[in-house]
Amino acid sequence: MTQASIHLGRPHERVEDAALLTGAGRYLDDLPLPIGTLYAAIVRSPIAHGKILSVDIHEALEIAGVRAVLTIEDVQSWSNPLVVAVKTPMRQWVLADQFVRYVGEPIAVVIAESRALAEDGAEKVQVNIQPLPAVVDVDAALMDDAVILHADMGSNCVSDRSFHYGDPDKAFSQANHVIEVDIRYPRNSCTPMETGGVIAQWRASDSSYEVSSNFMGPFSLHVVMAAALKIPGTKLRHHVPPDSGGSFGVKQSVLPYIILSCLASRKAGAPVKFIEDRLEHLQAATSATARHTHLRAAVDSDGKILALDYDQIEDCGAYLRAPEPATLYRMHGCVTGPYQIENVKIRNRVVLINKTPTGLVRGFGGPQVYFALERLVHQIAKRLGKSHLEIAALNYVEKNQFPYQAAAGALLDSGDYQQALATVKSSPEYQRLIARRDEARKNGRHYGIGVASIVEPSVSNMGYITTVLTPEQRAKSGPKNGAITSATVSVDPSGNVAANIASAPAGQGHQTVIAQLLADVFGLTPAQIQVNVDFDTAKDAWSIAAGNYSSRFAGAVAGTVFMAAEKLKARIAAYAAHVLKVNADQLLFANGNISIGGQSEGCIPFSRVCGNFHWSPGLVQEALGRDVTLALQETSFWSPDVLQAPDGNDRINTSAAYGFALDVCGIEIDPDTCFAKVDEYITVHDAGKILNPLLADGQIYGAYSQAVGAALFEEFVYGSDGNFLSGTFADYRLPTASEIIPPKIYHQESPSPFTPMGAKGIGEGNSMSTPVCIANAIADALGVEDIVLPATPSRIHALLVSQGKLIKDIEPTTSSALKVNHDYPLRAQGQIRLKVVPEEIFAVLLDQNRLKNVIPGCESIKESSIQNGIRFDCVAVVRIGVAKARFNAKIDLTDIVRPTSFSLGGEGRGPLGMALGMGGVRLEAIDGETLLHYDYQAQVSGKLSAIGSRLLEGAIRLVLDQLFRALAKEAGAQGGQNALMGLFTQLLSVLGLKK
């Protein structure tokens, strides 16, 4: 039995695109809703750390259309804390319990008849939080006097494990050189077009939940969700919609929303829908782990790396949320990358700080490991006066060594790394890079070349996460390993083929590749193949390892489909051979027929043969025997034999297959803007057998583009108090098409001996290699090594100044009596001339009744004495356009020297966050008028701070300028009172009391 490979391995446009380009995609938000569906909005913490004193939901419940509010009491009645891989006293409920530990942590859920009403209700929930000191740096979190996030733990370090492979101490003692780097890989994320969403329904009749979500891997965490909901797994039915607007791993963060939505449905007695907005996604969903790595290498005189010593401190945020610490341990077996390094020492510490819990982000673990390893190789080359490519070539695993067992356990399956190196060196693009660098440097320009070599793991071993446990702990809990994949292939009575795959694609083109594969197996066209990806855990075959993550598709999913199809084909061929009176191995499936070696005479239509299985099963049994399986459906399960549990020495083969990527790029630094421009990019990939070159290139383009963002643009910014400061695309900057030059892609194929079709993953490689490749190029361009990502123009400017290659900008100096307080990062200074005397201003300021008249929306005001001044407690409804919100404000006037000066302090709390401010105002009488001098500092939290400092500072400057201009205009015509109305309106803005 033979077959022709007509479709697989060739470019084929995506079959998914017709629906997506015509608006016919079926995303979560497009799915039909159960009758009576309600909508959820989440009340979130505005501060990073605090003790919850009270949560008052009564005003929210008074809104017509608000049906219920889910609180921590409900959560603790109906659910359990989330389980994690590391057993600790830490307990994470899906709503905050007693304490909040990161900005955006859910506190309550309002369920209403529309999303707008739910958000109105959320604004009415009164949360009283006592602020506590926050810790936002992993090194500070490990200090003896650090703030402890979870008191029961007694430490912020939830795991501290050390590993030894070979004899690293001896290697270091005998090395010619010890070269080290100390680097920090920052938090960043991916920003899919479609944010996370859930539709959940509680069924009281059988105490079960039914869920639809755009979570790309509900299977691996199905057990976690069922355990949290206190139900058997069979009582949690999960649907995955056919289409997803991207995932890149971050939609793993939908996990707590699934549980919250289920509980909200139970509380409201109706189906509930929740979709996060962009601010929620950036602020509170997830991020890649930040990692502080100190890495040393023992190196001989030629540049051969004899040993590595890793000290890795992982920032996992406020809670260790499943599947973390996956990011730290996914790459554990291959921390030596593509190199032959027999001696390795590793210390891994998992630390909690007051930031959003971390999770899966494209390439998780890879960018963190390779940023340290390839920065180290760069510095080894620099120290020894060689090129990065020379050091890499000296240390690469050789072709004849595959499969190669790495020191920590990874079984590198196949490859030819030296061939990839030869491809780069002989490419015209590389020759251009060398010439451009030489020319640029001759002309005094900053131009550098960067290199990075990585192995890309695919098809994760489900046991890798247990490496965080000691051998004794693993023995007690039982071994865990493997990566079971399932697929079902069936043929209908008309000879049309369908497949169900246990994955949840997010734009990769799974349906296209499976259609190509099955068309080749059965001799059909891709148009005759239906591939179903809208998965249902209650009906479809799946396993805990199923899902769309860790580059599983090509190696595992497509391979398992192939296995199922081959079994089904053999069944069909056996009957066709009986009809044609030949042996099955003489048959050819092609052009919709089954023939003898491709001969036209005596061929049978594929549809007729398959039809007999459905319409005339007796004929099939008569031909093949009564024991033959009649169903034209085959479900296959596959797990690689090479994926074993960690051994007693903590060695672990973390993945079934390992691709290879070698990147080289050229970077030029603009002398005026200090922007690092990618001038040329070359990437060589070996992903085993390529199933569709067009889609493979698409995966490379996507990973590369996201990685350019990670290297040069994207950054989660937090204040020293844990406030999240980059909640919009103005501050969390994404690259645009103008900043992304297409890379030159070269492919080579080294089929894996461990996957059914020899294929490996290709979707994550550049997310691992590109950030460090760009960093190495910048280091080469500037002649410095302290490269911090993202390498923004301001950071590059600082590096150039430190090297004496630029003159430091002269900062404007202004005289001010107000001492700079770095906890108040927003500042505005200025002066304005007002046509009113200072005494009139004070007359209004010190009169409670007059103040109430001039503060917009003031419902109440109460004056009280404080040390050295007066406090006004206000409740005001502030309206901006169609939006309104109620705020509680405290305005303090102190250090009053009437009529010449006073100090202004304030605090505001409302649904958009909290704000603190302080400043000084000086009134100078000039010819019957007042020259007003102001100097103000502020800090904000919650949604306000997430707007970002760039916008906030600009807005405050503009607001204050407009304020005093308006005050000058109003003072002459109507006296001081209306001018002060504008003053206090703007002060509320500065204090954070406006929407």
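In this text the structure is predicted, and so the values were computed from the model without any measurement. (Residues numbered from 1 in each chain as written. Predicted model: local features only at pLDDT ≥ 70, side-chain atom pairs only at ≥ 80, totals over all residues. Heavy atoms only, no water.)

Moving on, we get to the sheet that holds strand β22 (residues 529-532). As summarised here, the arrangement of the four strands in space is β22-β21-β20-β26, forming an open sheet in which the pairing is mixed. On the outer flanks of this sheet lie β22 and β26 (633-638), each paired with one strand and no other. The sheet shows a mean angle of 15° between the axes of neighbouring strands, taken without regard to direction. Here strand β21 (residues 497-501) runs beside β22; their pairing, made up of four bridges, is parallel. Note on β22: the bridge partner recorded for valine 497 is isoleucine 529. Packed onto the sheet, helix α17 (residues 553-580) meets β20 (485-491), β21 and β26 and runs at close to 140° relative to β26. (Pairing = 2+ DSSP bridges. Helix = DSSP H or I, 4+ residues; strand = E, 2+ residues; numbered from the N terminus. Axes fitted to C-alpha atoms, helices over the stretch in contact; angles between N-to-C directions. Contact = heavy atoms within 4.5 Å.)

Another aspect to go through is unusual backbone geometry. Each neighbour pair has its own omega, and for alanine 322 with proline 323 the value is 10°, a cis peptide bond. Along the chain, the position of proline 323 falls in the loop between β15 (305-315) and α10 (326-329). Note the cis peptide between leucine 789 and proline 790, where omega equals -10°. Along the chain, the position of proline 790 falls in the loop between α21 (765-782) and α22 (793-802). We note that lysine 230 has phi near 60°; this positive angle belongs to a residue other than glycine.

Judged by how many residues are buried, strand β14 (residues 290-299) sits mostly within the fold: eight of 10 residues are covered. When strand β9 (residues 177-185) meets β14, the two strands line up antiparallel, connected through nine bridges. Its bridge partner being in β14, histidine 177 is matched across the sheet by valine 299. Bridge count between β14 and β15: 10 bridges; the pairing is antiparallel. In the strand pairing of β15, histidine 292 is matched with isoleucine 313. Connecting β14 to the antiparallel partner β15 that follows it, the hairpin turn spans five residues, and glycine 303 within it adopts a positive phi of roughly 110°. (Buried < 20%, exposed > 50% of the residue type's maximum accessible area, 1.4 Å probe, protein only.)

Here we come to the confidence of the model for the chain. Interpretation of the predicted coordinates at a detailed level should be avoided for regions scoring low in pLDDT. Looking at the chain, pLDDT values average 90 and 90% of them are 70 or higher. Contacts from residues 990-995, a stretch scored under 50 in pLDDT, to residues over four places away or in other chains number 32 contacts. (pLDDT = per-residue confidence, 0-100.)

Attention now goes to the state of the cysteines. Per the stated rule, a full pass over the model turns up zero disulfides. There is no disulfide at cysteine 157, and the cysteine sulfur nearest it, in cysteine 316, is 10 Å away. (Disulfide = S-S within 2.5 Å.)

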